[in-house]
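Chains, contacts and geometry: an overview
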Amino acid sequence: MLDLSVRFLAWVLWLCTPPPRGRHRLGIRTSPLAPPPPRHTERLDGAASALVRPYVLTPGERHRQRGRRRALYLATFGIDVGPHPHLIHGGVR
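Residues numbered from 1 in each chain as written. Predicted model: local features only at pLDDT ≥ 70, side-chain atom pairs only at ≥ 80, totals over all residues. Heavy atoms only, no water.

**Focus: the overall build of the protein chain**
Our working rule: Starting at the N terminus, helices and strands are each numbered in turn, a helix being any DSSP run of H or I of at least four residues and a strand any DSSP run of E of at least two. Each residue is placed in one exposure class: buried if its accessible area under a 1.4 Å probe, protein chains only, is under 20% of its type's maximum, exposed if it is over 50%, and partly exposed if it falls in between. A 1.4 Å probe and the Shrake-Rupley method give the accessible areas. Residues count as covered only by the protein chains that appear here.
Scanning the protein chain from terminus to terminus reveals two helices and zero strands. Per-residue burial for the protein chain yields a buried fraction of 2% across its 93 residues. Roughly 10000 Å² of accessible area belongs to the protein chain as shown, and the carbon and sulfur atoms make up 61% of that amount.

Encoded structure:
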């Protein structure tokens, strides 16, 4: 009786579920795999572009940035510092 129940449930599942259609399923392949994308055959010229490192600051820029960051940090506590507290968000005077 158990074997009959198992076969009946397998038949119901077979009726209710669609057959697997994924690429990774076992079975016969219906279409070949797509070809790989083309590779870059030309070499990149490093001399064609200038090396730019925007994160390197001059000492004066570093000092101004440090002052702005300090002013923003203190502004989170409600403290306005500096000669122009309305310029703490990077405004230009």
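**Section: a nonpolar patch on the surface**
Applied cut-off: A patch is a set of surface residues, each over 30% in relative accessible area and not in a salt bridge, joined within 9 Å for like charges and within 5 Å for the nonpolar side chains Val, Leu, Ile, Met, Phe, Trp and Tyr. Whenever a carboxyl oxygen of Asp or Glu lies within 4 Å of a side-chain nitrogen of Lys or Arg, that contact is scored as a salt bridge.
Together, Phe8, Leu9, Trp11, Trp14 and Leu15 line one region of the surface with nonpolar side chains, adding up to about 630 Å² of accessible area. As for its position among the elements, leucine 15 is in helix 1 (residues 2–16). Taking relative accessible area as the criterion, leucine 15 reaches 48% and is therefore assigned partly exposed.

**A word on the packing of aromatic side chains**
Defined as follows: Within 6.5 Å between ring centres, the rings of Phe, Tyr and Trp (the latter by its six-membered ring) count as paired, and their orientation is classed by plane angle as stacked under 30 degrees, edge-to-face over 60, tilted in between.
One pass over the structure, following the stated rule, counts two aromatic pairs. Residues phenylalanine 8 and tryptophan 11 carry aromatic rings whose centres are separated by 6.2 Å and whose planes lie at 35 degrees to one another, so their mutual orientation is tilted. Taken together, the residues phenylalanine 8 and tryptophan 11, both in helix 1 and three residues apart, mark about one turn of the helix.

**What to know about helix 1**
Which entries qualify depends on this criterion: A helix is expected to span 1.5 Å for every residue after the first.
End to end, helix 1 covers 21 Å across 15 residues, agreeing with the expected 21 Å (1.5 Å per residue, within 8%). Helix 1 sits mainly on the outside: zero of its 15 residues count as buried.

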